[in-house]
Amino acid sequence: MPFYEAISLALQTIRAQKLKSFFSVIGVFIGVTFLIAAVSIVNGMNRYMTDKFAATIVGVNTFQLRQRPNINFNMTDSIWRSWRRRPRITFADADAVSRGVTVPVTLSWYSEDQGTVEYNGKIARGINLEGTSADYFDIKNLNITEGRPFSPQEAKAGIPVAVLGWELADKLFIGNDPIGKTIKIQGLPYTVIGVVEKQGTMLGMSLDKFVVAPATSPIQRDVNPPHVVDALMIQANTIPEMNAAMDQVEGIMRSRHHLRPTQDDNFALETSAAVLDWWSGISRLMFYFGPGIVMISLVVGGIVIMNIMLMAVAERTREIGVRKSLGAKRKDIMRQFLAEAITLSTVGAALGIATGIILSIVIQAFTPLAAQVAPWSVGVGVLLGSVVGVVFGTLPASRASRLDPIAALRQE
Amino acid sequence: MTHQEFVTGDTPLPDIVILTHKLAREYIMGTETVRALRGVSLQIRRNEYVAVMGPSGSGKSTFMNLIGCLDTPSAGEYWLNGQKVSDLGDDDLARIRNKEIGFVFQTFNLLPRADALHNVELPLVYAGMRAAERRKKASDALARVGLADRMHHRPNELSGGQRQRVAIARALVNSPSILLADEPTGNLDSATSNEIMGVFKELHRQGQTVVMVTHEPDIAANAERVVTLRDGLIHTDQKQAA
């Protein structure tokens, strides 16, 4: 009997017993569904991280000069303590860097902390308080929809003016015009001069709950010790220029910190690559645990299929006897039952693929996670399905093929 | 008997379809050896219609299994259609069953989920025939037994007599050397039994060799020769007017 006939026979058998067949493939179904969904989340998040997240957190062609890396993964206490002992980045460092870098760049001071903003008795807690230079809005590509950003002069003079994130403005002013009003940041008054365009959410967190004020305005006391910044943001026009600027900044800072050639940098130059490193650490974790979960459910699914097939062989002993009496050879019977096991598990895998794809569309649409189906995972799903069928179908099929026709025919 | 005596080393005459020579079959049941067949020598010519009778325990079923190539003898020879089949392996026996033997069982043994046409096609599937050719031969065989209009009925949509006709069509579809029937009327009422016997008689008239195992003298009366087994040996072997 040719293999395709064995498969069409198997499909008939499955169609005749839909519910039983579904339950027998549920393990494979779950395994493959998980495979497709998990891979599409990792895949979608990869894209999201590369395309949007890194650019949003750090900025395009931008690096930050910091006391210690902002984004880190697998930190130990001792490293953390050694980072804490490093000198902070000061206003003087920032000035020296601005003067020293010859590559065309845009710079901004940047310090942040969480705090409270109030207006007219309404209090917003957990707001990101950011002290920056005027070019911050350009570097982060923040559009002002109402009012204006603060000017370099205001930034330099430390005028208490504030630009609000969209959600904060909405919460404090509820549709009223905030421009020109006086808000209190950590109890001190600032005049609202602008509102930033809505940024949306990232991984479920709002990107619109912030207030930006000049780094030298009174906000500096709320976010950092005197004359200290968290970071100096430096944006170049291209990646090569950014790398050149990083070399220059490293030189300037090493000399300012009086480091000998044998000593390591005691400051951090962080680019979006750091964000991606951090993410690839997490996604690597998924690649360690994901296959384990998939394997376990496939093995369980395979054992279920093996049991169902053993039962099928027992139930259909007489059929096997009849087929043998009509001239079926061992390999014909073997092929028939193997084809049935393979078809079962492949159908399970196909259902799993369909459900996995639907699941990832749902995840993409309704959760903060990004998900995008990876074509290779579909191929792997189909392959795993048929492999499970072969591995766990062999025992029942060989048992069927070895049945004695006389005994098989006698069975009721 | 008119047959010449067969000795080991001979080959059967060309018109001998079935030849058994001192055919024996023993089973080991625990510590006991059951000698189900103790040396049966029998020759059946082409186009003979033979009934094999005998009480239960006579070795009738064992004989039928050996003739049908479902079992291999412990000793002795079995020649089917000029080929010595008593020492063949499993796969060769499967091929012989497919090509040379058409089985008709007491319980019909049709596949319940397949329609009549597909049931009849089965031996051709295992013969490796292509689907279109197979379908044509199977529908011809069904037409021969008068079921041209029942091809797409499943066994449970057919009467007992119709089911046995499907089984006969299945047995004949590969043009076997012998039609081997095991109590073919055992599950049928007497009117239907007569109808099936009519089919057998017609097939015999067309030249088919028929071997039928039965314990009913009425049914055996349809055959032109009756062989009776007793205690694993041939008891009587008589020609009779059909």
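Sequence order as written defines residue numbering, which begins from 1 separately in each chain. Chains carry letters and ligands carry numbers; both start at the beginning, A for chains and 1 for ligands, and go up in the order they are written. In keeping with the model being predicted, local features are shown solely for residues with a pLDDT of at least 70 and side-chain atom pairs are shown and tallied solely at 80 or more, while totals for entire chains, interfaces and linings include all residues.

1. Brief notes about the overall build of chain B
Working step 1: The secondary structure listing takes helices from DSSP runs of H or I that are at least 4 residues long and strands from runs of E that are at least 2 residues long, numbered from the N terminus. When its secondary structure is counted, chain B shows 7 helices and 10 strands.
Working step 2: Based on C-alpha atoms, the radius of gyration is set beside the globule rule, defined as 2.2 Å times the residue count to the power 0.38. Radius of gyration (C-alpha) of chain B: 18 Å, near the 18 Å computed for a compact globule of 242 residues.
Working step 3: Each of the three principal axes of chain B carries a C-alpha extent, and together these read 50 × 40 × 40 Å.
Working step 4: Relative to its 242 residues, chain B shows a buried fraction of 49%. With C-beta atoms placed from the backbone, the exposure class of a residue follows from how many other C-beta atoms lie within 10 Å of its own: 20 or more, buried; 12 or fewer, exposed; in between, partly exposed.

2. Observations regarding the overall build of chain A
Working step 1: Secondary structure assignment for chain A yields 15 helices and 14 strands.
Working step 2: Taken along the three principal axes of its C-alpha coordinates, chain A extends 100 × 60 × 35 Å.
Working step 3: Counting across all 412 residues of chain A, residues that qualify as buried make up 43%.
Working step 4: Taking contacts inside chain A between residues at least 6 apart in sequence as the whole, the part at least 24 apart equals 84%. The contact criterion used here is simple: two residues whose C-beta atoms, placed from the backbone, lie within 7 Å are in contact.

3. Concerning helix α2 (residues 90-100) of chain B
Working step 1: Looking at α2(B), one finds that the buried residues are B:Leu93, B:Ala94, B:Ile96, B:Arg97, B:Asn98 and B:Glu100.
Working step 2: Against the buried residues of α2(B) lie α12 (317-325) of chain A together with β4 (75-80), β6 (101-104), α3 (116-127) and β7 (178-182) of chain B.

4. Structural notes on helix α1 (residues 60-67) of chain B
Residues and elements named next belong to chain B.
Working step 1: Of all the 8 residues making up α1, 8 are buried; the element is thus mostly covered by neighbouring parts of the structure.
Working step 2: Among all positions of α1, only Lys60, Ser61, Thr62, Phe63, Met64, Asn65, Leu66 and Ile67 are buried.
Working step 3: Backbone geometry just after α1 places Cys69 at a positive phi near 60°.

5. Describing the packing of helix α5 (residues 160-172) of chain B against helix α6 (residues 190-205) of chain B
Residues and elements named next belong to chain B.
Working step 1: Comment: axis = line fitted to C-alpha atoms, over the contacting stretch for helices; angle = value between 0 and 180 degrees taken between N-to-C directions. Contact geometry of α5 with α6 gives a least axis separation of 10 Å together with a crossing angle of 20°. When the interaxial angle is binned, α5 and α6 end up roughly parallel. As for the relative orientation of α5 and α6, their crossing is right-handed in sense. Taken together, the residues of α6 that come into contact with α5 (itself represented by Gly160, Gly161, Gln164, Arg165 and Ile168) are Thr192, Glu195, Ile196 and Val199.
Working step 2: Of the residues belonging to the contact of α5 with α6, the class tally is 3 nonpolar, 4 polar and 2 charged. Roughly parallel refers to an angle under 35 degrees, roughly antiparallel to one over 145, roughly perpendicular to one between 65 and 115, and oblique to any angle outside these ranges. Crossing handedness follows the turn of the near helix against the far one: under a right angle anticlockwise gives a left-handed crossing, and clockwise gives a right-handed one. Throughout this entry, Asp, Glu, Lys and Arg are counted as charged residues, while Ala, Val, Leu, Ile, Met, Phe, Trp, Tyr, Cys and Pro are counted as nonpolar. The remaining residues, Gly among them, count as polar.

6. Comments concerning the sheet that holds strand β3 (residues 49-53) of chain B
Residues and elements named next belong to chain B.
Working step 1: Spatial strand order, β6-β7-β8-β3-β9-β10: 6 strands in an open sheet with mixed pairing. Strands with a single pairing partner mark the edges of an open sheet, and in this sheet they are β6 and β10 (233-239). Pairwise comparison of adjacent strand axes, ignoring direction, gives a mean angle of 20° for this sheet.
Working step 2: In this sheet, strand β8 (residues 209-213) lies alongside β7 in parallel orientation, the contact comprising 5 bridges. Paired strands, in this sense, are two strands between which DSSP finds at least two bridges.

7. Re the pairing of strand β9 (residues 225-230) of chain B
All names here are of chain B.
Working step 1: Bridging between β3 and β9 involves 4 bridges; their strand directions are parallel. By the bridge assignment, Val50 is partnered in β9 with Arg225.
Working step 2: Both β9 and β10 contribute to a ladder of 6 bridges, which runs antiparallel. What sits directly across from Val227, in β10, is Asp237.

8. Examining the environment of A:Lys209
Residue and element names in this part refer to chain A.
Working step 1: Inspection of the secondary structure puts Lys209 in the loop between β10 (205-206) and β11 (210-214).
Working step 2: Note on Lys209: 20 C-beta atoms within 10 Å, which makes it buried.
Working step 3: Leaving out residues up to four positions away in the same chain, Lys209 has contacts with Gly126, Ile127, Asn128, Gly165, Glu167 and Leu168.

9. Re the interface of chain A and chain B
A common way to report how large an interface is uses the accessible area buried once the components associate.
Working step 1: Facing 18 residues of chain A, the contacting portion of chain B comprises 18 residues.
Working step 2: Counting residues per element, the side of chain A that touches chain B draws most heavily on α12(A), which supplies 5 residues.

10. What to know about the sheet that holds strand β2 (residues 32-45) of chain B
All names here are of chain B.
Working step 1: In spatial order, the strands read β2-β1-β4-β5; together these 4 strands make up an open sheet with antiparallel pairing. Each edge of the open sheet carries a strand with a single partner, namely β2 and β5 (83-84).
Working step 2: Sheet analysis places strand β1 (residues 16-29) next to β4, joined by 5 bridges and oriented antiparallel. Bridge assignment links Ala24 to a residue of β4, and that residue is Ala75.

11. Here's the deal with the confidence of the model for chain B
Working step 1: Predictor confidence is given residue by residue as pLDDT, running from a minimum of 0 to a maximum of 100. Per-residue pLDDT for chain B averages 91, and the proportion of residues at 70 or more is 98%.
Working step 2: Overall fold confidence for the complex sits at a pTM of 0.73, while the interface term, ipTM, reaches 0.92.

12. Overview of the packing of α3(B) against α5(B)
Residues and elements named next belong to chain B.
Working step 1: Contact geometry of α3 with α5 gives a least axis separation of 7 Å together with a crossing angle of 30°. Between α3 and α5, the interaxial angle falls into the category roughly parallel. Along this stretch, α3 crosses α5, giving a crossing that reads as right-handed. On the side of α3, the interface is formed by Ala116, Asn119, Val120, Leu122 and Pro123, while α5 contributes Val166, Ala169 and Arg170.
Working step 2: Residue composition of the contact of α3 with α5, by class: 6 nonpolar, 1 polar and 1 charged.

13. Considering the domain arrangement of chain A
Working step 1: Examined at the domain level, chain A breaks down into domain 1 (3-52 + 277-410) and domain 2 (87-266).
Working step 2: In this structure, domain 1 of chain A and domain 2 of chain A have C-alpha centres spaced 54 Å apart. Boundaries of every domain are those given by an automatic assignment or by a domain database.

14. A look at the environment of A:Ile406
Working step 1: Checked against the element boundaries, A:Ile406 lands in helix α15 (residues 405-410).
Working step 2: A C-alpha to C-alpha distance of 8.6 Å links A:Ile406 and A:Ser325, two positions 81 residues apart in sequence.

15. Some details on unusual backbone geometry
Most of the time, phi is negative for any residue but glycine, and the peptide bond is trans.
Residues and elements named next belong to chain B.
Working step 1: With phi around 50°, Ser175 is a residue other than glycine that occupies positive phi space.
Working step 2: Mapped onto the fold, Ser175 is located in the loop between α5 and β7.
Working step 3: One non-glycine residue, Glu183, lies in positive phi territory at about 50°.
Working step 4: Within the secondary structure layout, Glu183 lies in the loop between β7 and α6.

16. Thoughts on the pairing of β4(B)
Working step 1: Strand direction decides the pairing type here: β4(B) and β5(B), joined by 2 bridges, are antiparallel. Bridge pairing links B:Trp79 to B:Lys84 in β5(B).

17. What about the nonpolar core?
Working step 1: When buried Ala, Val, Leu, Ile, Met, Phe, Trp, Tyr and Cys residues are joined through C-beta atoms within 7 Å, the set is termed a nonpolar core. Of all hydrophobic cores here, the largest spans 131 residues; its most connected members are A:Ile305, B:Val52 and B:Ala169.
Working step 2: Here this core takes 15 residues from helix α3 (residues 26-57) of chain A, the largest share from any one element.
Working step 3: Setting aside its immediate chain neighbours within four residues, B:Ala169 contacts B:Val120, B:Ala141, B:Leu142, B:Arg144, B:Val145 and B:Leu147.
Working step 4: In this structure, A:Val101, A:Tyr119, A:Ile139 and A:Val161 belong to the second largest nonpolar core, which totals 53 residues.

18. Some words on the environment of A:Gly290
Working step 1: On the secondary structure map, A:Gly290 appears in helix α11 (residues 272-315).
Working step 2: Residues A:Gly290 and A:Glu112, spaced 178 residues apart in sequence, show a C-alpha to C-alpha distance of 37 Å.

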